[in-house]
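Breakdown of the fold
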Amino acid sequence: CGSFQSVAKEALEERYGLDPDIDRALSGQNFIVGYKSAKELLAYSEEHIKALSAENIAKGGRKIRGDAVAMIATIIKPPASFMNTLAVQDQHRFLADALCKFSEIVGEHNIKSVAYHFDELGAHTHIFWEPMTADGRLCAKEVHNLKFFNKINREIPAYMKSKGWNVADCEIYDKASEAEKRKVLGEEE
């Protein structure tokens, strides 16, 4: 939740970030795959929502709700203390490997823009993707949920290890106690 436009402007070519850790002298090392600017990404998203709405109406359904989650921004941000030990080409390879598995999980066709940042404390990526179900519906609650995070936390470290990276396993909440799950979901007593 939040301002999609603001998040995109921080990550993409507008680079409106106010983070004091941004070293503008290094911003030339950043690169973007897919939609380059927040303006382009927003225009695409608005047109896609209109098209999905028209398709739904043609099938006897409803248009997409105005408050529907149209795009999700995900950051793959390994610890700077790790990334800064790697040569630049290895940082690129690490982020590309992580993106490869992430793309497999969310569907490469759903990823609309990826910004690689090398101008902050540690190299990382911003990924903008649509929460589309396997049957082609826009539905964040079916796609971006605790099962999604468990899958990400289980599969990405395993994949990275298979590629030769020495990464730790992540917390998987299906193994957590019921009290821990309620705490994570904000359902504390």
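Residues numbered from 1 in each chain as written. Predicted model: local features only at pLDDT ≥ 70, side-chain atom pairs only at ≥ 80, totals over all residues. Heavy atoms only, no water.

**Details of helix α6 (residues 146–162)**
For α6, which comprises 17 residues, the first-to-last C-alpha distance of 24 Å matches the rise-based estimate of 24 Å (1.5 Å per residue) to within 8%. Those residues of α6 lying buried are Phe148, Asn150, Ile152, Asn153, Ile156, Pro157, Tyr159 and Met160. As for α6, its buried residues are in contact with α4 (88–106), β4 (124–129) and α5 (140–143). If you check the start of α6, you find a side-chain oxygen 3.1 Å away from the backbone N of Lys147, and it comes from Asn145. At the exit of α6 stands Gly164, carrying a positive phi of roughly 95°. (Helix = DSSP H or I, 4+ residues; strand = E, 2+ residues; numbered from the N terminus. Expected span 1.5 Å × (residues − 1). Buried < 20%, exposed > 50% of the residue type's maximum accessible area, 1.4 Å probe, protein only. Contact = heavy atoms within 4.5 Å. Polar contact = N/O pair within 3.5 Å; in protein donor to acceptor, adjacent residues only side chain to side chain.)

**Observations regarding the sheet that holds strand β3 (residues 111–117)**
Taken together, 4 strands build an open sheet; the order of strands is β1-β3-β4-β2 and the sheet is antiparallel. Two strands bound the open sheet, and with one partner strand each, they are β1 (31–34) and β2 (72–76). The sheet shows a mean angle of 15° between the axes of neighbouring strands, direction not considered. Relative to β4, β3 runs antiparallel, the two being bridged by 6 bridges. Across the sheet, the residue bridging to Val114 is Ile127, located in β4. (Pairing = 2+ DSSP bridges. Axes fitted to C-alpha atoms, helices over the stretch in contact; angles between N-to-C directions.)

**Structural notes on the packing of α4 against α6**
Relative orientation and spacing of two packed helices are given, respectively, by the angle between their axes and the distance between those axes. Running from N to C, α4 and α6 point in directions that differ by 140°, and their axes come no closer than 10 Å. Taken together, α4 and α6 sit at an angle that is classed as oblique. When the axes of α4 and α6 are compared, the crossing they make is right-handed. Of α6, the residues touching α4 (which contributes Phe94, Asp97, Ala98, Cys100, Lys101, Phe102, Ile105 and Val106) are Phe148, Lys151, Ile152, Glu155, Ile156, Tyr159 and Met160. (Parallel < 35°, antiparallel > 145°, perpendicular 65-115°, else oblique. Left-handed = near helix turned anticlockwise from the far one by under 90°.)

**Re the pairing of β3**
A large share of β3 lies buried, amounting to 7 of its 7 residues. Looking at chain direction, β1 and β3 are connected through 4 bridges and run antiparallel. Its bridge partner lying in β3, Gly34 is registered against Ser113. Between β3 and β4, which pair antiparallel in sequence order, lie 6 residues.

**Remarks on the environment of Phe149**
Here Phe149 shows up in helix α6. Phe149 sits 22 residues away from Glu171 along the chain, and the two C-alpha atoms are 9.6 Å apart.

**Digging into unusual backbone geometry**
Of note in the backbone geometry, Arg15 takes a positive phi value of approximately 45° without being a glycine. Position of Arg15 relative to the elements: it lies in the loop between α1 (4–11) and β1. Residue class for Arg15 comes out buried when judged on its relative accessible area of 9%.

**Focus on α4**
With 19 residues, α4 should reach 27 Å at 1.5 Å per residue; the first-to-last C-alpha distance of 27 Å fits that figure. If you check which residues of α4 are buried, you get Gln91, Phe94, Leu95, Asp97, Ala98, Leu99, Lys101, Phe102, Ser103, Ile105 and Val106. The first or second residue beyond α4 is Gly107, which carries a positive phi of 95°.

**Thoughts on the packing of α1 against helix α2 (residues 38–58)**
The geometry of α1 relative to α2 is characterised by a closest axis approach of 8 Å and an angle of 140° between their N-to-C directions. Between α1 and α2, the angle is such that the two are oblique. Crossing geometry of α1 relative to α2 is assigned as right-handed. Each of Phe4, Gln5, Ala8 and Lys9 in α1 lies in contact with α2, whose residues at this interface are Ala38, Leu41, Leu42 and Ser45.

**A look at the nonpolar core**
Generally speaking, soluble globular proteins have nonpolar side chains that are buried together. Phe94, Phe102, Ile111, Ile127, Trp129 and Met160 are the most contacted members of the largest nonpolar core, which totals 26 residues. Among the elements of the structure, β2, α4, β3, β4 and α6 are those that each provide at least two residues to this core. For Phe94, the residues in contact, after removing those within four places along its chain, are Pro78, Phe82, Met83, Leu86, Met160, Trp165 and Val167. With 10 residues, the next largest nonpolar core counts Ala8, Ala11, Leu12 and Ala38 among its residues. (Core = buried A, V, L, I, M, F, W, Y, C linked by side-chain atoms within 4.5 Å.)

Keep in mind these numbers describe shape, not what the thing actually does.
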